[in-house]
Amino acid sequence: MHHYKFTGSRKDKMTRELDVIIFGATGFTGKYTVLHAVKLLADLKWGIAGRSQQKLESVLKEIGKKADTDLSKIPIIIADVGDELSLEKMARQAKIVVNCCGPYRFYGEAVIKACIKESTHHVDVSGEPQFMERMQLEYNELARENEVYIVSACGFDSIPADLGTVFFEKTFDGQVNAIESFMWFKYIGPGTPEKGAALHYGTWESAVYGLAHANELRGLRSKLFKERLPVIGPVMRERSPYTSYPVGGKNTYCLPFPGADRSVVMRSQRLMFEEEKKAPVQIRNYFTVKSFLEVLVLFITAGLFALLTRFAFGRQLLLTYPKLFSFGAASHEGPPEQKMNNTQFIFLFKGNGWNERSSDYKVRPNGEPVKKHVTKVTGINPGYGATCVALLLSATTILNESSQMPGKGGVLPPGYAFGKTNLIENLCKNGFTFEVMEADNAGDSDAKKSL
């Protein structure tokens, strides 16, 4: 852990040249973030940053043409993750940095250090638990001292899961005991989806290194979380992947979601427990598949993937031939636009609890948690549409509603950071839905309340 305090200038954010800088704007996610910035940052002063002036100019031309908007006057800042001074100079020019430069395990810490030193807020779309939890362990106090919000997981990982859990609790009249979330994708376009990958290489690369270093998490968490979170009500058991369950009006198989969602949601739950004296909720996150054959194929594929990540040679194979080892799911080209823009994600949240809240947040209410509740979160283009919208709206939420956020800074997960802001309402104005469903009808009925 670092034992020093940053002593950079606290230049008044009100006097800075720009409100927002999108760093890593020439990457796959960065380009789509620039595209959505045309609308979502229309009332703000924003710029883009990266290593190459020529490539950044090219992005502005490409996105300007696509958005039918002249972006030639958008400021360009040259900054490189290998050049600390360039990152600090970039951070000094804006109130918040939107960081699209991953994998964050390799490139994220330097940007966060620069932002904290220059008292500049920071958001990113990391779905890497080791990175996020290490940043919280090593930089939370420094961020607080410099009154800076550092919020990761502001994309598909893990806004729907974390803010979806917040929404579930807000709309539950009583005290929640346990929540299960079920995620699946649905093609909603005309005809059949265009052939192509579902993931860009950058996402694949993050997954390879994340699994390769998964053993780091136990040591990190022993330092970050001194005590286990208490379980207030009856323990929620994990569902068997070999048994089908009725979810969303059909029988499906439920597999543990392999991403960062549960770790992010549980960090929010821990902070709410420790800082707000709120009883923690038990969480299980699943993704669903239609057949047992899919379960077997996924288990075999996951086993091979996990085995290869354990060795340098295996990791090299995975990174050199992503299309081969992902069976076409990942590529350097990324998913085709037609496929992305016609893919819907659905998160169904099912849970139980008590009608009354306990007067002591560490003690369960009287009786059994028999009250049921169901909510749903949906959006379009999970990887590169909804992700970029959520990322930019997270940034504008910090700029506009910091008074509704916890304390005056810190390294925080999104559910805890934005739980009392209007982020959910703003997401719903930009392609997301957050709905309360009929509890008897686990997902296909009309919503009885939505935002």
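Structure: above.
Everything numeric here is computed off the predicted structure, so don't read it as measured data.

Novice: Residues and numbers for the side chain of E205, please.
Specialist: Here E205 lies in helix 7 (residues 201-212). No salt bridge is formed by the buried E205; the nearest opposite charge belongs to R105, separated by 9.7 Å. Here E205 is in contact with P103 and L319, once residues within four sequence places are set aside.

Novice: So what's going on with the side chain of Q269? Residues and values would help.
Specialist: Here Q269 shows up in helix 9 (residues 261-276). The class of Q269 is buried, set by a relative accessible area of 1%. In terms of polar contacts, Q269 uses its side chain to reach the side chain of K278, at 3.0 Å. If we skip the residues at most four places from it in the chain, Q269 touches T165, E169, L229, K278, A279, P280 and V281.

Novice: Requested: an account of the state of the cysteines, with residues and values cited.
Specialist: One way to say it: the disulfide is the covalent bond shared by the sulfur atoms of two cysteines. This structure, assessed with the given rule, holds zero disulfides. Residue C115 stays outside any disulfide, its sulfur separated by 12 Å from that of C101, the closest cysteine. Judged by relative accessible area, C115 falls into the buried class, the value being 0%. Here C428 stays free of any disulfide, with the sulfur of C154 as its closest cysteine sulfur at 17 Å.

Novice: Quick rundown of the sheet that holds strand 3 (residues 76-78)? Include the residues and the values.
Specialist: One open sheet accounts for seven strands, arranged 3-2-1-4-5-6-15; its pairing is parallel. Single-partner strands in this sheet number two, and they are strand 3 and strand 15 (410-412). In this sheet, adjacent strand axes meet at a mean angle of 20° when their direction is disregarded. Here two bridges tie strand 5 (residues 121-124) to strand 6 (residues 149-151), and the two strands are oriented parallel to one another.

Each value, and the rule that gives it
Residues numbered from 1 in each chain as written. Predicted model: local features only at pLDDT ≥ 70, side-chain atom pairs only at ≥ 80, totals over all residues. Heavy atoms only, no water. Helix = DSSP H or I, 4+ residues; strand = E, 2+ residues; numbered from the N terminus. Buried < 20%, exposed > 50% of the residue type's maximum accessible area, 1.4 Å probe, protein only. Lys, Arg positive; Asp, Glu negative; His and termini not counted. Salt bridge = Lys/Arg side-chain N within 4 Å of Asp/Glu carboxyl O. Contact = heavy atoms within 4.5 Å. Polar contact = N/O pair within 3.5 Å; in protein donor to acceptor, adjacent residues only side chain to side chain. Disulfide = S-S within 2.5 Å. Pairing = 2+ DSSP bridges. Axes fitted to C-alpha atoms, helices over the stretch in contact; angles between N-to-C directions.

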